[in-house]
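# Reading the structure
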Amino acid sequence: MTARLLDGKKLAETLRADVKARVAAFVAERGRAPGLDVVLVGEDPASQVYTRNKEKASKEVGMNGRLHVLPADTSEAALLELVAKLDADDAVDGILVQLPLPKGTNEARILDAIDPAKDVDGFHPVNAGLLASGRDRALVPCTPRGCMKLLELAEIPLAGARAVVVGRSNIVGKPVAQLLLREHATVTVAHSRTKDLPAVCREADVLVAAVGRPEMIRGDWIKPGAVVIDVGINRVPAGEGKTKLVGDVAFEEAKERASAITPVPGGVGPMTIACLLENTLLAAIQRSRPRP
Ligand code: NDP
């Protein structure tokens, strides 16, 4: 069997076009554009690229995208002050503080200071709690939302399916597991202490890999016909001083067993920013409605 490729790049383009049209309708109705404020502290090169891309993408769909760049030695108090200012600013619908923050900054304290209604990353404990209790109002973390949209593309019934999520981070593993549960899958969350991980993975009709270990999940860990969503983004040497990106799944092996699989790059990655834009629009719409 050769698996069908779940093309995240194409799906993300469709989603962005849809968000752009809905933003135009929002502007026509409310007389203002949704605002996304991205905060970058320090000079981490990857974070610089990610934040610039987020600002650019938000502008492309007609939002007010603003990037706040602060020096690496910014104090926690100054960062909290900026977050409080953005929380109080009615024109700001989404606040995203790029992680990781410089060493010594208490990330949880900063993230907890973001108004949950503007928490477009969905990392605030209030949003995690809303998701866990199955409330519609939750702002759901972007990468897990992207995984679910790719599963929709695979058109497999999730109700009753056996799903295995490898990884239990607050950013990916746990929220993906919650979303799969919401769709009535029978969910197992595996992690570094899981015994006989290959056997656990082999039970999965749907396998989500969010580990951060290049090609750890081998082809013979995949149940024939399973759908594989590879969240991992790992940079590895590619010879002659070059590097390349690979996922957490050994793609060439896995595609011979799976029925559908996401490539890396071009799978889950592009969905993350598209879902961030959708979350920002959702936050703007929810903020302009009275709370239930
Ligand atoms: P974390 O490092 O926060 O979590 C990794 C998880 O994998 C942990 O739960 C850990 O278990 C588990 N794990 C580590 N080693 C093993 C092992 N040998 N066997 C089983 N489980 C293991 O990573 P993230 O969740 O933030 O990210 C995961 C991957 O997804 C990374 O490659 C990251 O780059 C990528 N990513 C991609 C995004 C995208 O846009 N496509 C966005 C976010 C992340 P334990 O809890 O026991 O330590």
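Anything mentioned here points back to the structure above.
This report concerns the structure included in the present document. (Residues numbered from 1 in each chain as written. Predicted model: local features only at pLDDT ≥ 70, side-chain atom pairs only at ≥ 80, totals over all residues. Heavy atoms only, no water.)

As a further point, take the overall build of the protein chain. Within the protein chain, the secondary structure is distributed over 10 helices and 11 strands. With the principal axes as the frame, the protein chain shows a C-alpha extent of 50 × 45 × 30 Å. With 292 residues in all, the protein chain has 48% of them scored as buried. Looking at the protein chain alone, contacts between residues at least 24 apart form 69% of all its contacts between residues at least 6 apart. (Helix = DSSP H or I, 4+ residues; strand = E, 2+ residues; numbered from the N terminus. Buried < 20%, exposed > 50% of the residue type's maximum accessible area, 1.4 Å probe, protein only. Contact = heavy atoms within 4.5 Å.)

The next point concerns the pattern of salt bridges. Considering all chains together, one arrives at 19 salt bridges under this definition. Asp37 serves as the salt-bridge partner of Arg66, at 2.8 Å between the closest nitrogen and oxygen. Note that Arg66 is positioned in strand 3 (residues 64-70) and Asp37 in strand 2 (residues 35-41), a separation of 29 residues in sequence. Overlapping salt bridges bring together Asp18, Arg22, Arg145, Lys149 and Glu278 as one network. (Salt bridge = Lys/Arg side-chain N within 4 Å of Asp/Glu carboxyl O.)

Quick look at the packing of helix 2 (residues 45-60) against helix 10 (residues 268-287) now. Their axes nearest at 10 Å, the elements helix 2 and helix 10 cross at an angle of 55°. With respect to helix 10, the element helix 2 is oriented oblique. Of the two possible hands of crossing, helix 2 and helix 10 adopt the one that is right-handed. Listed contacts from helix 10 to Asn53, Lys54, Ala57 and Ser58 of helix 2 are Ile273, Leu276 and Leu277. (Axes fitted to C-alpha atoms, helices over the stretch in contact; angles between N-to-C directions. Parallel < 35°, antiparallel > 145°, perpendicular 65-115°, else oblique. Left-handed = near helix turned anticlockwise from the far one by under 90°.)

So, on to the state of the cysteines. Under the counting rule described, the total for this entry stands at zero disulfides. Free of any disulfide, Cys142 has its nearest neighbouring cysteine sulfur in Cys275, separated by 6.5 Å. On the basis of relative accessibility, which here comes to 0%, the residue Cys275 falls in the buried class. (Disulfide = S-S within 2.5 Å.)

Taken together, 20 residues sit near the ligand, with Arg168, Ser169, Ser192, Arg213 and Thr272 positioned nearest. Here Thr272 contributes a side-chain N or O atom positioned 2.8 Å from an oxygen atom of the ligand. In isolation the ligand exposes 930 Å². Once the protein is present, 70% of that is buried. Among the elements that line the shell around the ligand, the one with the most residues is helix 10, at three residues. (Near = heavy atom within 4 Å. Polar contact = N/O pair within 3.5 Å; in protein donor to acceptor, adjacent residues only side chain to side chain. Areas by Shrake-Rupley, 256 points an atom, 1.4 Å probe, with all protein chains shown as cover.)

This part takes up the sheet that holds strand 7 (residues 206-209). Strand order in this open sheet of six strands is 1-11-8-7-5-6, and the pairing throughout is parallel. Edge strands, defined here as strands with exactly one partner in the open sheet, are strand 1 (4-5) and strand 6 (186-190). Summarising the sheet, strand 7 and strand 8 (residues 227-230) pair through four bridges and their orientation is parallel. From the neighbouring strand, Val208 faces strand 8, where its bridge partner is Ile229. This element, helix 7 (residues 173-182), spans strand 5 (162-166), strand 6 and strand 7 of the sheet and lies at about 170° to strand 5. (Pairing = 2+ DSSP bridges.)

Once that is clear, we can look at the layout of surface pockets. Reported here for the largest pocket is a volume of approximately 1,200 Å³. Residue lining of the largest pocket: 42 residues in total, with Tyr50, Lys54, Thr143, Ile233 and Thr272 positioned closest to the centre. Counting residues per element, the ones that place at least two in the lining of the largest pocket are helix 2, strand 4 (94-97), helix 6 (142-154), strand 9 (234-237) and helix 10. Tallying contributions element by element places helix 10 first for the lining of the largest pocket, with six residues. (1 Å grid on protein atoms, 1.4 Å probe; cavity = no way out; pocket = protein on both sides within 12 Å on 5 of 7 lines; lining within 4 Å. Points joined across faces, edges and corners; volume = space filled by probe spheres on them.)

On to the sheet that holds strand 3, then. With respect to topology, three strands assemble into an open sheet ordered 3-2-4, the strand pairing being parallel. Looking along the sheet, the strands with just one partner apiece sit at the ends: strand 3 and strand 4. In this sheet, neighbouring strand axes are inclined to one another by 15° on average, regardless of whether the strands run parallel or antiparallel.

All right, on to helix 6 then. Under the 1.5 Å per step criterion, the end-to-end length of helix 6 is 19 Å for 13 residues, consistent within 8% with the ideal 18 Å. Helix 6 sits mainly inside the fold: 10 of its 13 residues count as buried. Within helix 6 the residues assigned to the buried category are Cys142, Thr143, Pro144, Arg145, Gly146, Cys147, Met148, Leu150, Leu151 and Ala154. (Expected span 1.5 Å × (residues − 1).)

Moving on: the nonpolar core. Judged by nonpolar contacts, the single largest core of 41 residues is most densely connected at Leu151, Leu180, Val208, Ile229 and Val231. Looking at which domains feed residues into this core, each of domain 1 (31-116) and domain 2 (142-268) supplies at least three. Ranked by size, the runner-up nonpolar core spans 19 residues in total, among them Ala190, Leu197, Leu207 and Ile222. (Core = buried A, V, L, I, M, F, W, Y, C linked by side-chain atoms within 4.5 Å. Domains from an automatic or database assignment.)

Another aspect to go through is unusual backbone geometry. Of the consecutive residues Leu99 and Pro100, the connecting peptide bond is found in the cis state with omega at 0°. Residue placement: Pro100 occurs in the loop between strand 4 and helix 4 (107-113). Across the junction of Val264 and Pro265, the peptide omega takes the value 0°, indicating a cis bond. Non-glycine residue Asp196 carries a positive phi angle of around 50°. With respect to the secondary-structure elements, Asp196 resides in the loop between strand 6 and helix 8 (197-202).

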